[in-house]
Amino acid sequence: MKISKNNIAFSTIRAKMIRSRKTKGGGFYNTSKTNNSVKARAATLAQKNAAMAQSGRRKSTASSMLEETRSNYTAMKSAAEDVQSYLGHLLSTKEGSLFQKAEESKDTSGIVSEIKSFVEDYNKMVRKMTSEGGAVNELYVRQLKGLVVSNRSKLENIGITEDKNGLLTIDREKLESADLEKLKNVFQGEDSFASKVAEKVKKIEENAQTNLNSLNSATYSSLLANYGSSGSKYNFLA
């Protein structure tokens, strides 16, 4: 049988094509299967990357919330301390106290200035409690509102009222012109508005400090856990 050069060339090319498609184990490459495998690996990697990114976002969100809570309680505690300080000055009956000086000089400007500072920090404290929320903070806000309601007429007599959010507002002209007896009715005496608020604000300060301690403890524990996890590769066996 006579074999032409064309037939030989065709056979050679065909053989090369077959060899190029064979695997080392004798099988044939499946182009479709290889592409699917690559796509599957790519999809798996994409899912892992998405999960890692999502985990990072969750950690970032949790960290932001933690810092916001810490900031709220820090500001709450600071405002509560200032409120107690102002009320302490107003409640004092010692020699050289604000009310004693006012009685001697017939000038209430020192008392009025202290009341304005008290109202400013009282409102800061209430805002932080409202912003942070939670059963305890909400309870304290309601109790403060109750004290305002029970002393409403006395407070209004010196130009202090409460808005719907539990914040105090001042009619400056009315406050500055209020006589000494009206001011005493609110800010002097064991059963006065000032005395009751001071007692409540002391508890608010203590609660804020307790929460800060808990937050700091939780943060420290988290740092230790992360250190133990990330630092495990440095633990060597003897």
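Above this note sits the structure.
Q: Which residues make up the overall build of the protein chain, and what are the values?
A: Helix and strand content of the protein chain: nine helices and two strands. Counting every position in the protein chain, which comprises 238 residues, the buried fraction comes to 27%. Of all intrachain contacts in the protein chain linking residues separated by at least 6 positions in sequence, the fraction that spans at least 24 positions is 71%.

Q: Break down unusual backbone geometry for me, citing the residues and quoting the values.
A: In this structure, lysine 106 is a non-glycine residue whose phi angle is positive, near 60°. With respect to the helices and strands, lysine 106 occurs in the loop between helix 3 (98-105) and helix 4 (109-132).

Q: Pulling in residues and values, what's your account of the packing of aromatic side chains?
A: Inspection of the entire model under this criterion finds two aromatic pairs. Summarising the aromatic geometry, the rings of phenylalanine 118 and tyrosine 122 are spaced 5.7 Å apart at their centres and angled 55° between planes, so their arrangement reads as tilted. Taken as a pair, phenylalanine 118 and tyrosine 122 lie in helix 4 at a separation of four residues, close to a single helical turn. For the pair formed by phenylalanine 118 and tyrosine 122, the shared burial category is buried. Connected via pairs of aromatic rings, a cluster forms that spans Phe118, Tyr122 and Phe187.

Q: Got a sec to walk through the nonpolar core? Specific residues and values, please.
A: Core analysis: the biggest nonpolar cluster contains 44 residues, and Phe118, Tyr122, Met125 and Phe187 have the highest contact counts within it. Elements that contribute at least two residues to this core include exactly helix 2 (31-91), helix 3, helix 4, helix 5 (135-150), helix 8 (180-187) and helix 9 (193-230). What tyrosine 122 contacts, discounting residues up to four positions off in sequence, is Val83, Leu144, Val148, Gly166, Leu168 and Val197.

Q: An account of the pattern of salt bridges is needed here, citing residue identities and associated values.
A: Two side chains carrying opposite charge are able to pair once their charged atoms lie near each other. What the rule picks out here adds up to five salt bridges. Among the ionic pairs, glutamate 67 bridges to arginine 70, the shortest N-O distance being 2.6 Å. With glutamate 67 and arginine 70 both in helix 2 and three residues apart, this pair spans about one turn of that helix. Under the relative-accessibility criterion, glutamate 67 is labelled partly exposed at 43%. The partner of glutamate 205 in a salt bridge is lysine 202, with the nearest N and O atoms 3.8 Å apart. Linking glutamate 205 with lysine 202, this pair stays in helix 9, spanning three residues, or about one helical turn.

Q: Pulling in residues and values, what's your account of helix 8?
A: For helix 8, the complete set of buried residues consists of Leu180, Leu183, Val186 and Phe187. Buried residues of helix 8, viewed axially, fall in a sector of 125°; they line one side. Directly after helix 8, the chain includes glycine 189, whose backbone phi takes a positive value near 100°.

Q: Explain the packing of helix 4 against helix 8 to me, using residue names and the numbers behind them.
A: Helices that pack against each other are described as a pair by the angle of their axes relative to one another and the distance between those axes. With their axes 12 Å apart at the nearest point, helix 4 and helix 8 run at an angle of 35° to one another. Where helix 4 crosses over helix 8, the handedness of that crossing is left-handed. The segment helix 4 lies against helix 8, with Ile111, Ile115 and Phe118 engaging Leu180, Leu183 and Phe187. The residue inventory of the contact of helix 4 with helix 8, partitioned by class, reads six nonpolar, no polar and no charged.

Q: Got a sec to walk through the side chain of lysine 200? Specific residues and values, please.
A: Mapping lysine 200 onto the fold places it in helix 9. This buried residue, lysine 200, is left without a salt bridge; glutamate 199 holds the nearest opposite charge, at 7.0 Å. With residues up to four places along the chain from it excluded, the contact list for lysine 200 reads Tyr140, Gln143 and Leu144.

Q: So what's going on with the environment of glutamate 95? Which residues, and what values?
A: Among the secondary structure elements, glutamate 95 is positioned in the loop between helix 2 and helix 3. Note on glutamate 95: relative accessible area 71%, which makes it exposed.

How each quantity is defined
Residues numbered from 1 in each chain as written. Predicted model: local features only at pLDDT ≥ 70, side-chain atom pairs only at ≥ 80, totals over all residues. Heavy atoms only, no water. Helix = DSSP H or I, 4+ residues; strand = E, 2+ residues; numbered from the N terminus. Buried < 20%, exposed > 50% of the residue type's maximum accessible area, 1.4 Å probe, protein only. Contact = heavy atoms within 4.5 Å. Phe/Tyr/Trp six-rings, centres within 6.5 Å; stacked < 30°, edge-to-face > 60°. Core = buried A, V, L, I, M, F, W, Y, C linked by side-chain atoms within 4.5 Å. Salt bridge = Lys/Arg side-chain N within 4 Å of Asp/Glu carboxyl O. Arc of directions from axis to C-beta. Axes fitted to C-alpha atoms, helices over the stretch in contact; angles between N-to-C directions. Left-handed = near helix turned anticlockwise from the far one by under 90°. Nonpolar A, V, L, I, M, F, W, Y, C, P; charged D, E, K, R; others polar. Lys, Arg positive; Asp, Glu negative; His and termini not counted.

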